[in-house]
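Chain and residue survey
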Amino acid sequence: MEAKRGVVLLAAAFVVSPLALGLGIVLLIAASDDDGGGGGDFELSAGTLRVGPGYVPAKYAALIEKAAADCDQGLPAGILAAQLQAESNFNPNAQSKDPKTGKPIADGIAQFIPSTWASSGIDGNGDGKKNVWDPEDAIPSQGKMMCELLKTAKKHPGYNGSPIELALAGYNAGWGRVDQFKGVPPASFAAGQTYNYVKSIMAAQAKLTAPDTSGAPEMSGEWTKPVNAPLGTPYHQSGGMWSSGYHTGIDFAAPIGTPIRAAGPGKVVSASRVNAYGRQVIIRHADGMYTQYAHMSELKVSAGDTVKGGQIIGLSGADGNVSGPHLHFEVRTSPDYGTDISPLPYLRKKGVNI
């Protein structure tokens, strides 16, 4: 269970699963006295990456953003960036070695161990080969692994930790350890290596993510910000007020009576009052995705209506399970609860300035 120091960074020697990677953060952070699992101490930052000295190198920012956007599970780009910073400090030539034998342990910007790269590495740039030393292959491979872990994590809402925290723990120690502890392994496991890794990445992602801006809805073609109000609770914040254990959308702090607009053109598939969501509207868009608008005080559309981007569909309110007036906004792969993806990357891909 002892971590071994490499020539470039530290690499975990307690890997127990093909999903586990040699990660360099484990001995660079202070051990915690708390023996509980992870969960709920951090808010995921919504926004684009901070680029520049001390943050994310410009040459890798687009790769990281794309790797996150390619995941349909709501994977923040800041999480991937924080992992890369921790593992190699964005050095594509980083290699960890066993100080006793001199044998390589993990390679490249994402510090894949050879067995994991052999099973999970992908040809991200389509040049016909998967190269662990090439960030255009390694970063998409890292994103794909985290996406798969996040999808698995969402199947276990009772585990201790948010889905992102569970995915990080699985990435570090293997999903078998997450199952073993029914959540993020406690500080008593492996000298706190996985426990502290999760906390460190969750803290670092906020520093690598630029703050969101708010203001009047920005129109881009037929797509727009759904309400003129600042952002509130971010996507996937964990907490006991949500039945899933985490926030499935983003909130806008809109006073009662603020006009709510369709984010894009589509067809209204639902306009009704639904328990915790109160008065809500769900719209299906041409790309097969759905947007949901909840807690409204008044509905201005009916099921079956065709709407344009920017069209008023209702007024904000405090209907349903709320602590105050706001718009709860989700992007889903189906009209059903539990199929949410991260809303901000989706809107930005549509050209919305948010």
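The rules we used
- Residues numbered from 1 in each chain as written.
- Predicted model: local features only at pLDDT ≥ 70, side-chain atom pairs only at ≥ 80, totals over all residues.
- Heavy atoms only, no water.
- pLDDT = per-residue confidence, 0-100.
- Contact = heavy atoms within 4.5 Å.
- Axes fitted to C-alpha atoms, helices over the stretch in contact; angles between N-to-C directions.
- Helix = DSSP H or I, 4+ residues; strand = E, 2+ residues; numbered from the N terminus.
- Parallel < 35°, antiparallel > 145°, perpendicular 65-115°, else oblique.
- Left-handed = near helix turned anticlockwise from the far one by under 90°.
- Nonpolar A, V, L, I, M, F, W, Y, C, P; charged D, E, K, R; others polar.
- Buried < 20%, exposed > 50% of the residue type's maximum accessible area, 1.4 Å probe, protein only.
- Pairing = 2+ DSSP bridges.
- Disulfide = S-S within 2.5 Å.
- Phe/Tyr/Trp six-rings, centres within 6.5 Å; stacked < 30°, edge-to-face > 60°.
- Salt bridge = Lys/Arg side-chain N within 4 Å of Asp/Glu carboxyl O.
- Core = buried A, V, L, I, M, F, W, Y, C linked by side-chain atoms within 4.5 Å.
- Expected span 1.5 Å × (residues − 1).
- Polar contact = N/O pair within 3.5 Å; in protein donor to acceptor, adjacent residues only side chain to side chain.

All right, on to the confidence of the model for the chain then. The share of residues in the chain with pLDDT of 70 or more is 82%, and the mean pLDDT across the chain is 82. Segment residues 1-46 is flagged for pLDDT under 50; beyond a separation of four residues in sequence, or across chains, it makes 146 contacts in the model.

What follows concerns the packing of helix α2 (residues 77-88) against helix α4 (residues 135-153). Contact geometry of α2 with α4 gives a least axis separation of 11 Å together with a crossing angle of 120°. Here α2 lies oblique to α4, going by the angle between them. For the pair α2 and α4, the crossing hand works out as right-handed. Residues Ile 79, Leu 80, Gln 83 and Leu 84 of α2 form the contact with α4, whose own contacting residues are Ile 139, Gln 142, Gly 143 and Met 146. Among the residues forming the contact of α2 with α4, the class breakdown is five nonpolar, three polar and no charged.

This next bit is on the pairing of strand β11 (residues 312-316). For β11, the buried fraction is high: four of the five residues fall into the buried class. Bridging between strand β6 (residues 259-261) and β11 involves three bridges; their strand directions are antiparallel. Bridge pairing in β11 links Pro 259 to Leu 315. Note: strand β9 (residues 290-299) against β11, three bridges, orientation antiparallel. Bridging from a neighbouring strand, Glu 298 pairs with Leu 315 of β11.

The next subject is unusual backbone geometry. Backbone phi values are negative for most residues with the exception of glycine, while trans is the configuration of most peptide bonds. With phi around 70°, His 236 is a residue other than glycine that occupies positive phi space. In this structure His 236 comes out as buried when scored by relative accessible area, which is 2%.

As a further point, take the state of the cysteines. By the definition in use, this model includes one disulfide. Through a disulfide, Cys 71 is tied to Cys 147; the S-S separation comes to 2.2 Å. Note on the Cys 71 and Cys 147 pair: the S-S dihedral is about 85°, so by sign convention the disulfide is right-handed. Here Cys 147 lies in helix α4 and Cys 71 lies in the loop between α1 (58-69) and α2, a separation of 76 residues in the sequence. Here Cys 147 falls in the buried class, since its relative accessible area comes to 13%.

The tally for this structure, following the rule as stated, stands at five aromatic pairs. Relative to Trp 117, the ring of Phe 112 has its centre 5.0 Å away and its plane inclined at 65°; by these criteria the two rings are edge-to-face. Residue classification places Trp 117 among the buried positions, given a relative accessible area of 9%.

On to the pattern of salt bridges, then. On inspection of all chains with the given rule, the structure shows eight salt bridges. A salt bridge links Lys 144 to Glu 148, with the nearest nitrogen and oxygen atoms 2.7 Å apart. Of the two residues, Lys 144 and Glu 148 both sit in helix α4, four residues apart, roughly one turn of that helix. Note that Arg 332 and Glu 330 form a salt bridge whose closest N and O atoms lie 2.8 Å from each other. When its relative accessible area of 3% is taken as the criterion, Arg 332 is described as buried. On the basis of relative accessible area, Glu 330 is assigned to the buried category, the value being 0%.

The subject of this paragraph is the nonpolar core. Counting 46 residues, the largest nonpolar core has Val 56, Ile 64, Ile 109, Met 146 and Leu 168 as the members making the most contacts within it. At the level of secondary structure, the elements contributing two or more residues to this core comprise α1, α2, α4, α5 (163-173), α6 (175-181) and α7 (193-207). Broken down by element, the residue count for this core peaks at eight residues, all from α4. With sequence-adjacent residues up to four places away left out, Val 56 is seen in contact with Leu 49, Arg 50, Val 51, Ala 61, Ile 64, Ala 81, Phe 90 and Leu 208. Judged by nonpolar contacts, the second largest core, of 28 residues, contains Val 281, Met 296, Phe 329 and Val 352.

Structurally, the position occupied by Val 268 is in strand β7 (residues 266-274). For the pair Val 268 and Ile 282, spaced 14 residues apart in sequence, the C-alpha to C-alpha distance is 5.9 Å.

Time to look at the packing of α2 against α5. The N-to-C vectors of α2 and α5 enclose an angle of 30°; their axes lie 12 Å apart at closest approach. Relative to α5, the element α2 lies roughly parallel. For the pair α2 and α5, the sense of crossing is right-handed. Facing Ile 79, Gln 83 and Glu 87 of α2, the residues of α5 in contact are Ile 164, Leu 168 and Tyr 171. For the contact of α2 with α5, the class distribution of residues is four nonpolar, one polar and one charged.

Moving on, we get to α4. Between its terminal C-alpha atoms α4 stretches 26 Å, which fits the 27 Å expected from 19 residues at 1.5 Å a residue. Among the 19 residues in α4, 14 count as buried, and that is most of the element. Capping the start of α4, Asp 134 holds a side-chain oxygen 2.9 Å from the backbone nitrogen of Glu 136, two or three residues further along.

Let us now look at the side chain of Thr 209. Positionally, Thr 209 belongs in the loop between α7 and β5 (250-252). In this structure Thr 209 comes out as buried when scored by relative accessible area, which is 4%.

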